[in-house]
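Here is what each chain is made of, one letter per residue.
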Amino acid sequence: MKYMSLLKKSILFQGIEDYEFDKLLKCLKAKEVKFQKGEMILRYGDVTNSMGMMLQGKAMIVKDDYWGNRFIINEIHQGELFGEAYACIPEQKLEISLIADEPCNVLFLNIAEITGMCHLTCSSHNQLIRNLLAITSRKNITYYKKNNQRKNSFLFIRAIYETKLAENYHPF
């Protein structure tokens, strides 16, 4: 595979021996897909059973509001993973879209092949599951910290606002 050095650097494949990669990728039904700039990689409302790894290029995680305004939530760069949270929950509809910001090559891995019983008895399969769990845990903690910081900032601003209102409030 052209991107083998990138895969070996990925946290997902950490601890996997070089000789195990070909067998493991076959076991995971890995599929490389190319996207042109502006193409939808994942579409809001769809269901996915695969997680992805950006092999080349860049994509934007976006969310559109009711009025058609598009908000960029995050960027996905080379070597980064995406979609694992949605892929792990059967029939969970995507609440975001992923759009290629430039030509992209994406490696899709079927989540059922990662979390299910390995029919090829890959010795590296358990390591892969541990790595995926660590990745999703880190993302959840990072999200929690960011969300908590926003919440604390909001509460601080609200407290200042309420203090100023109280200072300026004169009932008589």
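Below: a short report on this structure. For clarity, every value in this text was computed on a predicted model and none was experimentally measured.

### Considering unusual backbone geometry
(1) Moving on: With a phi angle near 55 degrees, Lys29 is a residue other than glycine that sits in the positive phi range.
(2) Moving on: Exposure remark for Lys29: the relative accessible area of 53% places this residue in the exposed category.

### Re the nonpolar core
(1) Moving on: The biggest cluster of nonpolar side chains holds 23 residues, and the ones touching the most others in it are Leu7, Leu12, Phe13, Met51, Leu109 and Ile114.
(2) Moving on: Of all the secondary-structure elements, those providing two or more residues to this core are helix 1 (4-9), helix 2 (21-27), strand 3 (50-56), strand 8 (104-110), helix 4 (111-115) and helix 5 (125-168).
(3) Moving on: Not counting residues within four places of it along the chain, the set of residues in contact with Leu12 comprises Met51, Leu81, Leu109, Leu128, Asn131, Leu132 and Ile135.
(4) Moving on: Grouped together as the second largest cluster of nonpolar side chains are 16 residues, Ile41, Leu42, Ile61 and Val106 included.

### Some remarks on the packing of aromatic side chains
(1) Moving on: Taken as a whole and assessed by the stated rule, the structure comprises four aromatic pairs.
(2) Moving on: Ring centres of Phe35 and Phe108 lie 6.3 Å apart, and the angle between their planes is 75 degrees; on these two criteria the pair is classed as edge-to-face. Of this pair, Phe35 sits in strand 1 (residues 31-35) while Phe108 sits in strand 8; the two residues are 73 residues apart in sequence, bridging distant segments of the chain. With respect to burial, Phe35 and Phe108 carry one shared label: buried.
(3) Moving on: A ring pair is formed by Phe82 and Phe108, whose centres lie 6.3 Å apart and whose planes are at 85 degrees; its orientation type is edge-to-face. Remark: Phe108 occurs in strand 8 and Phe82 occurs in strand 6 (residues 81-82); sequence separation between them is 26 residues.
(4) Moving on: On the basis of relative accessible area, Phe82 is assigned to the buried category, the value being 4%.
(5) Moving on: The buried category is assigned to Phe108, whose relative accessible area is 10%.
(6) Moving on: Grouped by ring-pair contacts, the aromatic residues Phe35, Phe82 and Phe108 constitute a single cluster.

### What to know about the sheet that holds strand 2 (residues 40-42)
(1) Moving on: Overall, antiparallel pairing links the four strands, which are arranged 2-7-4-5 in an open sheet. Looking at the sheet topology across the chains shown, the edges are occupied by strand 2 and strand 5 (70-76). Strand after strand, the sheet turns through a mean of 35 degrees between neighbouring axes, direction not considered.
(2) Moving on: Bridging between strand 4 (residues 59-64) and strand 5 involves six bridges; their strand directions are antiparallel. Its bridge partner lying in strand 5, Ile61 is registered against Asn74.

### Some details on the pairing of strand 8
Along any regular strand the residues' side chains alternate between the sheet's two faces.
(1) Moving on: Within strand 8, seven of the seven residues are buried, which leaves the element mostly enclosed by the surrounding structure.
(2) Moving on: Sheet analysis places strand 1 next to strand 8, joined by five bridges and oriented antiparallel. Opposite Lys31, over in strand 8, you have Phe108 as the bridge partner.
(3) Moving on: Across six bridges, strand 3 lies against strand 8 in antiparallel orientation. If you follow Gln56 over to strand 8, its bridge partner there is Asn105.

### Overview of the pattern of salt bridges
(1) Moving on: Applying the stated rule across the entire model yields five salt bridges.
(2) Moving on: Measuring nitrogen to oxygen at the nearest pair gives 3.5 Å for the salt bridge that ties Asp18 to Lys8. Taken together, the positions of Asp18 in the loop between helix 1 and helix 2 and Lys8 in helix 1 put the pair 10 residues apart, joining distant regions of the chain.
(3) Moving on: A residue is classified by how much of its surface remains accessible, and Asp18, at 53% relative accessible area, is exposed.
(4) Moving on: You can call Lys8 partly exposed: its relative accessible area is 37%.
(5) Moving on: With a closest N to O distance of 3.9 Å, Lys58 and Glu75 form a salt bridge. Of this pair, Lys58 sits in the loop between strand 3 and strand 4 while Glu75 sits in strand 5, and the two are 17 residues apart along the sequence.

Criteria and cut-off values
Residues numbered from 1 in each chain as written. Predicted model: local features only at pLDDT ≥ 70, side-chain atom pairs only at ≥ 80, totals over all residues. Heavy atoms only, no water. Buried < 20%, exposed > 50% of the residue type's maximum accessible area, 1.4 Å probe, protein only. Core = buried A, V, L, I, M, F, W, Y, C linked by side-chain atoms within 4.5 Å. Helix = DSSP H or I, 4+ residues; strand = E, 2+ residues; numbered from the N terminus. Contact = heavy atoms within 4.5 Å. Phe/Tyr/Trp six-rings, centres within 6.5 Å; stacked < 30°, edge-to-face > 60°. Pairing = 2+ DSSP bridges. Axes fitted to C-alpha atoms, helices over the stretch in contact; angles between N-to-C directions. Salt bridge = Lys/Arg side-chain N within 4 Å of Asp/Glu carboxyl O.

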